[in-house]
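Here's the letter readout for the chains.
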Amino acid sequence: MSGISGSGIVILGVYLYLAPTLPNADQLKDIDLQTPLRVYSEDGLLISEFGEKRRAPIAYDEVPQQFIDALLASEDDAYFQHIGVDFKGLARAVVELIKTGRKKSGGSTITMQVAKNYYLSSEKTFTRKFTEILLALKIEQALSKEEILELYINKIYLGKRAYGIEAAAQVYYGKSINELNLPQLAMIAGLPQAPSAANPINNPRRARDRRNYVLARMRTLEKITQEQFTSAAREPITASYHGPTSEISAPYVAEMVRLEMVKQYGSSAYTAGYRVTTTINATRQQAANDALQRGVLKYDRDHGWRQLPEAVKLHTPQMLQLKNEELVIFEWMQQADNSFDIDWPETLEQWQNQLKKRSSNGIIAPAIVTEVTNSDAWVLTEDGEQRLPFSGLEWAKAYKDVNTIGNPLKSAKEVLQRGQEIWVERSRSGLKLAQQPKVEGSLVSLRPKDGAIQALVGGFSAGSNEFNRAIQADRQPGSAFKPFVYSSALNYGFTPASIINDAPVVFEDASLENTWRPQNHSGKFYGPTRLREALYKSQNLVSIRILKQVGPRKAVRYIAPFGFPKNKLNQDLSLALGASAVTPLELATGYAALANGGFAVKPYLISRIEDDNGNTLFEADPVIACRECLDAEAKEASQQLSEESELERQLQASLGLNLGDDTTQDEQPENLAPEVMDARTHYLMVSMLQDVVRRGTGKRALALKRNDLAGKTGTTNDQKDAWFSGFSRDLVTTVWVGFDQPKTMGRWAYGSNTALPIWVDYMKTALKGVPERPFNQPEGVVSVRIDAETGLLAAPGQNNTLFEYFREENVPKQPVKAAPEIDEFGAEDDEEITPEQMF
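Residues numbered from 1 in each chain as written. Predicted model: local features only at pLDDT ≥ 70, side-chain atom pairs only at ≥ 80, totals over all residues. Heavy atoms only, no water.

A few points about the overall build of the chain
For step 1, the next point in the chain: Within the chain, the secondary structure is distributed over 23 helices and 27 strands.
For step 2, the next point in the chain: Across the chain, the fraction of contacts at a sequence separation of at least 24, relative to all contacts at a separation of at least 6, is 68%.
For step 3, the next point in the chain: Carbon together with sulfur atoms contributes 48% to the accessible area of the chain, which is approximately 40500 Å² in total. (Helix = DSSP H or I, 4+ residues; strand = E, 2+ residues; numbered from the N terminus. Contact = heavy atoms within 4.5 Å. Areas by Shrake-Rupley, 256 points an atom, 1.4 Å probe, with all protein chains shown as cover.)

Here we look at the sheet that holds strand E22 (residues 710-715)
For step 1, the next point in the chain: Spatially, the five strands line up as an open sheet ordered E16-E15-E24-E23-E22, and their pairing is antiparallel. Whereas interior strands pair on both sides, the edge strands pair on one side only; in this sheet they are strand E16 (452-457) and E22. Averaged over all neighbouring strand pairs, the angle between strand axes comes to 10 degrees, with direction disregarded.
For step 2, the next point in the chain: The pairing of strand E15 (residues 440-447) with strand E24 (residues 732-738) spans seven bridges and is antiparallel. Note that in E24 the partner of Glu440 across the bridge is Gly738. (Pairing = 2+ DSSP bridges. Axes fitted to C-alpha atoms, helices over the stretch in contact; angles between N-to-C directions.)

Thoughts on the sheet that holds strand E8 (residues 364-372)
For step 1, the next point in the chain: Ordered in space as E10-E9-E8-E13-E14, the five strands form an open sheet in which the pairing is antiparallel. Bordering the open sheet on either side are strand E10 (384-389) and strand E14 (430-434), each of which pairs with just one other strand. When strand polarity is set aside, the average angle formed by the axes of neighbouring strands in this sheet is 50 degrees.
For step 2, the next point in the chain: Alignment of E8 against strand E9 (residues 376-381), held across four bridges, turns out to be antiparallel.

Brief notes about the packing of helix H2 (residues 65-75) against helix H6 (residues 145-155)
For step 1, the next point in the chain: It is at 13 Å that the axes of H2 and H6 come closest, and there the two elements cross at 85 degrees. If you check the angle between H2 and H6, you find them roughly perpendicular. Here Phe67, Ile68, Leu71, Leu72 and Glu75 of H2 come into contact with H6, specifically with Leu149, Tyr152 and Ile153. (Parallel < 35°, antiparallel > 145°, perpendicular 65-115°, else oblique.)

Notes on the pairing of E24
For step 1, the next point in the chain: Of all seven residues in E24, seven are buried, a share of seventy percent or more.
For step 2, the next point in the chain: Burial of the side chains of E24 extends over both faces: Val732, Thr734, Trp736 and Gly738 are buried on one face and Thr733, Val735 and Val737 on the other.
For step 3, the next point in the chain: Examined bridge by bridge, strand E23 (residues 721-727) and E24 share seven bridges and lie antiparallel to one another. By the bridge assignment, Asp721 is partnered in E24 with Gly738. (Buried < 20%, exposed > 50% of the residue type's maximum accessible area, 1.4 Å probe, protein only.)

Some thoughts on the pattern of salt bridges
Two side chains bearing opposite charge may form a pair once their charged atoms approach each other closely.
For step 1, the next point in the chain: Evaluation of the coordinates by the stated rule reveals 32 salt bridges.
For step 2, the next point in the chain: Between Lys298 and Asp302 there is a salt bridge whose closest N-O contact spans 2.8 Å. Residue Lys298 and its partner Asp302 are both found in helix H12 (residues 282-302); the two are separated by four residues, about one turn of the helix.
For step 3, the next point in the chain: What makes Lys298 partly exposed here is its relative accessible area of 49%.
For step 4, the next point in the chain: In this structure, Arg706 engages Asp708 in a salt bridge whose closest nitrogen and oxygen atoms are separated by 3.0 Å. (Salt bridge = Lys/Arg side-chain N within 4 Å of Asp/Glu carboxyl O.)

Regarding the pairing of strand E2 (residues 46-50)
For step 1, the next point in the chain: Of all five residues that make up E2, five are buried, and the element is covered over most of its length.
For step 2, the next point in the chain: Where strand E1 (residues 37-40) folds back on E2, the antiparallel hairpin that results is connected by five residues, among which Gly44 adopts a positive phi of roughly 85 degrees.

Comments concerning helix H17 (residues 540-550)
For step 1, the next point in the chain: Burial runs high along H17: nine of the eleven residues are buried.
For step 2, the next point in the chain: What H17 keeps buried is the set Asn540, Leu541, Val542, Ser543, Ile544, Arg545, Ile546, Leu547 and Val550.
For step 3, the next point in the chain: Looking one or two places after H17, you find Gly551, whose phi comes out positive at around 105 degrees.

Some points on the nonpolar core
For step 1, the next point in the chain: One finds Ile559 and Phe727 to be the most contacted residues of the largest nonpolar core, which totals 89 residues.
For step 2, the next point in the chain: Here the element with the most residues in this core is helix H19 (residues 584-595); it accounts for eight residues.
For step 3, the next point in the chain: Sequence-distant contacts of Ile559, that is, excluding residues within four places in its chain, are made with Phe481, Phe484, Val485, Phe564, Leu569 and Leu575.
For step 4, the next point in the chain: In terms of nonpolar packing, the next biggest core, distinct from the first, is built from 48 residues, Val63, Ile110, Leu143 and Ile148 among them. (Core = buried A, V, L, I, M, F, W, Y, C linked by side-chain atoms within 4.5 Å.)

Here's the deal with the side chain of Glu610
For step 1, the next point in the chain: Mapped onto the secondary structure, Glu610 falls in strand E20 (residues 606-610).
For step 2, the next point in the chain: In this structure, Glu610 is in contact with Gly273, Tyr274, Arg275, Asn615, Thr616 and Leu617, ignoring residues within four places of it in sequence.

What to know about the environment of Lys482
For step 1, the next point in the chain: Structurally, the position occupied by Lys482 is in helix H15 (residues 482-491).
For step 2, the next point in the chain: In this view, Lys482 contacts Leu535, Ser538, Gln539, Asn540, Ser543 and Ala576; residues no more than four positions away in its chain are not counted.
For step 3, the next point in the chain: Among the polar contacts listed, one links the side chain of Lys482 to the backbone oxygen of Ser538, at a separation of 3.2 Å. (Polar contact = N/O pair within 3.5 Å; in protein donor to acceptor, adjacent residues only side chain to side chain.)

A few points about the confidence of the model for the chain
For step 1, the next point in the chain: Per-chain confidence: the chain averages 83 in pLDDT, with 77% of residues scoring 70 or above.
For step 2, the next point in the chain: Here residues 1-18 scores under 50 on pLDDT; set against residues more than four positions off or in separate chains, the count is nine contacts.
For step 3, the next point in the chain: In this model, residues 316-344 is a region of pLDDT below 50 whose contacts with residues beyond four sequence positions or in other chains number 62 contacts. (pLDDT = per-residue confidence, 0-100.)

Overview of the environment of Val623
For step 1, the next point in the chain: With respect to the element layout, Val623 can be found in the loop between strand E21 (616-619) and helix H20 (627-655).
For step 2, the next point in the chain: Taking the relative accessible area as the measure of exposure, Val623 reaches 22% and is therefore partly exposed.
For step 3, the next point in the chain: Through-space distance from the C-alpha of Val623 to that of Ala600 is 8.6 Å; in sequence the pair is 23 residues apart.

Details of the packing of aromatic side chains
For step 1, the next point in the chain: Scanning the entire structure with this criterion turns up 15 aromatic pairs.
For step 2, the next point in the chain: Taking 5.6 Å as the distance between ring centres and 55 degrees as the angle between the ring planes, the aromatic pair formed by Tyr558 and Phe562 counts as tilted.
For step 3, the next point in the chain: Of the residues examined, Tyr558 reaches a relative accessible area of 8% and is grouped as buried.
For step 4, the next point in the chain: One residue, Arg275, lies across the ring of Tyr40, its end atom 3.8 Å from the ring centre.
For step 5, the next point in the chain: Its end group placed over the ring of Phe739, Lys743 keeps NZ or CZ at 4.7 Å from the ring centre. (Phe/Tyr/Trp six-rings, centres within 6.5 Å; stacked < 30°, edge-to-face > 60°. Lys NZ or Arg CZ within 6 Å of the ring centre and 35° of its normal.)

Describing a negative patch on the surface
For step 1, the next point in the chain: The grouping of Asp61, Glu62, Glu146, Glu147 and Glu150 at the surface amounts to a negative patch.
For step 2, the next point in the chain: Under the relative-accessibility criterion, Glu147 is labelled partly exposed at 36%. (Patch = residues over 30% accessible without salt bridge, like charges linked within 9 Å, V, L, I, M, F, W, Y side chains within 5 Å. Lys, Arg positive; Asp, Glu negative; His and termini not counted. Charge placed at Lys NZ, Arg CZ, Asp CG, Glu CD.)

Focus on the environment of Lys813
For step 1, the next point in the chain: Positionally, Lys813 belongs in the loop between strand E26 (801-807) and strand E27 (832-833).
For step 2, the next point in the chain: For Lys813, a relative accessible area of 67% gives the class exposed.
For step 3, the next point in the chain: With sequence-adjacent residues up to four places away left out, Lys813 is seen in contact with Leu792 and Leu793.

Points about the packing of H19 against helix H21 (residues 679-695)
For step 1, the next point in the chain: Their axes nearest at 9 Å, the elements H19 and H21 cross at an angle of 110 degrees. On the basis of their axis angle, the class for H19 and H21 is roughly perpendicular. Contacts from Ala593, Leu594 and Ala595 in H19 reach His682, Met685, Val686 and Leu689 in H21.

Quick word on H15
For step 1, the next point in the chain: Burial runs high along H15: nine of the ten residues are buried.
For step 2, the next point in the chain: When H15 is considered as a whole, its buried residues turn out to be Lys482, Pro483, Phe484, Val485, Tyr486, Ser487, Ser488, Ala489 and Leu490.

Side note on unusual backbone geometry
For step 1, the next point in the chain: Of note in this structure, Lys705 is not a glycine but carries a positive phi near 55 degrees.
For step 2, the next point in the chain: A relative accessible area of 74% means that Lys705 is categorised as exposed.
For step 3, the next point in the chain: Phi is positive for Asn800, close to 55 degrees, though the residue is something other than glycine.
For step 4, the next point in the chain: When you line up the elements, Asn800 lands in the loop between strand E25 (781-787) and E26.
For step 5, the next point in the chain: Overall, Asn800 belongs to the partly exposed group, its relative accessible area being 45%.

A short note on the side chain of Arg301
For step 1, the next point in the chain: Along the polypeptide, Arg301 turns up in helix H12.
For step 2, the next point in the chain: Using a relative accessible area of 13% as the deciding quantity, one classes Arg301 as buried.

Have a look at this one:
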């Protein structure tokens, strides 16, 4: 008795020592479970998930009863009878420990595991165990059995980054816990004991044994029938890894969001369960992905097959054949480095699984050649063996250099060998041979009204290169920048009919090794040219001359508010040729002002941030481009000013006073985008850019069969960059193509045939179902017939005329004999001009 009394005193002393340190069990009702950051499109599709722990909390009432039975049979069959601590179980564990030195049976209840998981460390000491017991008793007093069990099933680690049973169901079976059958439920119920070592992916055999143990316990407790047990125990393992499933591929967008969330919330961004809704439109994003990849692959194919025979990676057996759905392999010989780095599979299914583990790059996927004839080849993909027709590989003439390819192919054997590792593109016409392109590209698409990013692709594949060219690549836009130079000219008095001399100019500078002789891409000079014609023909010398007249610094002050960082804009004549490097997003932002009526909007990606309880933490409030709002506001202010002026006049007259004019116009609403381009200048500029599409370098856009499109191509020196930026009133999109390390793409690569086809391919889907909306002619702009050569008003009955738009005060006069034209630089044609004259 004295021993028992002594033990009781010790236990009481420990209790009195530990009790004050126990946390409040009521706090468990408000516990925050660590859940990952999830990023969604504007239409609610999952883009990406970030965070070490995958978790999807579920309420007790949503859990299948059969799973509750399986879990309790495995972990704590007396759960609903005990008070939080199974004293018999603890005593049994202590006796086993004393006799054998090892713990064979667990003594922890589910309530004790909740106490440990939420409050305590995993250290194995007497003090921690006793604290766990006391805390379990306290939890049982504060919470119901159902509430405790709900905490447990949402907190427990179940392997493969899955925390909680709903996350585990998604990871192992790709389904909700409510969709699983009995053997699958038993599998998950058996995971808490060894979630890493005995899960069905890491160790299928051990996981099956554990599952069958759970089923046996359920049968012993009469939770299932003998028939159910027998059937479930015979079921094969059906689990496979289901990582976070992106419903729309937008890896560059996801990374932009991740960086911003970490900037705002620190490391809690990964664990607090934030839900970020972006401005991305899923349909447009997918169209952007596909269009960019198709366009880049087309350029790549047009320039030949780069894989030399000595560089081919082979996985070549002495015998390779498909027979009865099995891949029979004998005496494998590795004739080159094995980039797959795998154990050689023995069956077709194993080969396909290996291919599935290889990262697909969007529309191209890995494959292995299994057979080659003169007219075709057979390749193994993750979907099985498929035919690669000769039409899908006849493009693969040997690459010689950027301007030269080899002779046409006569046989598939010239480029393919059995066992060769290749890439293939799936198309409507069948498989096409592909290769990882060296050239890169980017596409950015904005909603002009408010700057919402609808689609963004930062490169051919984020898997191979995470560099986001849409926001990180500063590249010269070439002629795609000219609309902003022309806009400044229109703003300062030029008209679309202004005549500018397209003639040679030479610039000498002692600091330069070579004399600068700017030319048009065609190498020709066209003489006196109307401004509109010069733009749709993309004549460089006209741009230089109008910028000279406006003044580079003055032009920069006008252009920068469109959305360009002022420090990026060259304040010299090179600005006229697009020599100021900008990102695709910056160029698209500038074009947004051309699309929305002349207002500067700021591009934004995150529209809303919510916490894990659905509370809104942030909601975007972008500035809105609204010409009608501005006009209405001006009209209201004018009317108010008129009324106030009349009252003031009457007051002054009655008092004999002159109070002066102290009236001010109301401030415009905070969310109204600032106007950077007046309505008339905007209309003139857009009409000129529409001619680029109708009759100039942008004619490929006519394939869309719309009348509300405008845009401009751009190509830099030596064809190092190819651009097209174009828009309707509802969508503006910029496409760039080039090498990351600037070098020529070849003498035939221009914005019109390299970037523009990608733009057309994308806009075909992006504008589907979007009605045409013409750009409305504002008051104060008139259309008159002019002489096509002089730009002056046409005489009645005159030939060679056309209609042109003007501000009403700029309508030209009747044609008169023009004075001899003098070059704007004050020099005769071909006369050298010094830098002092330039600036």
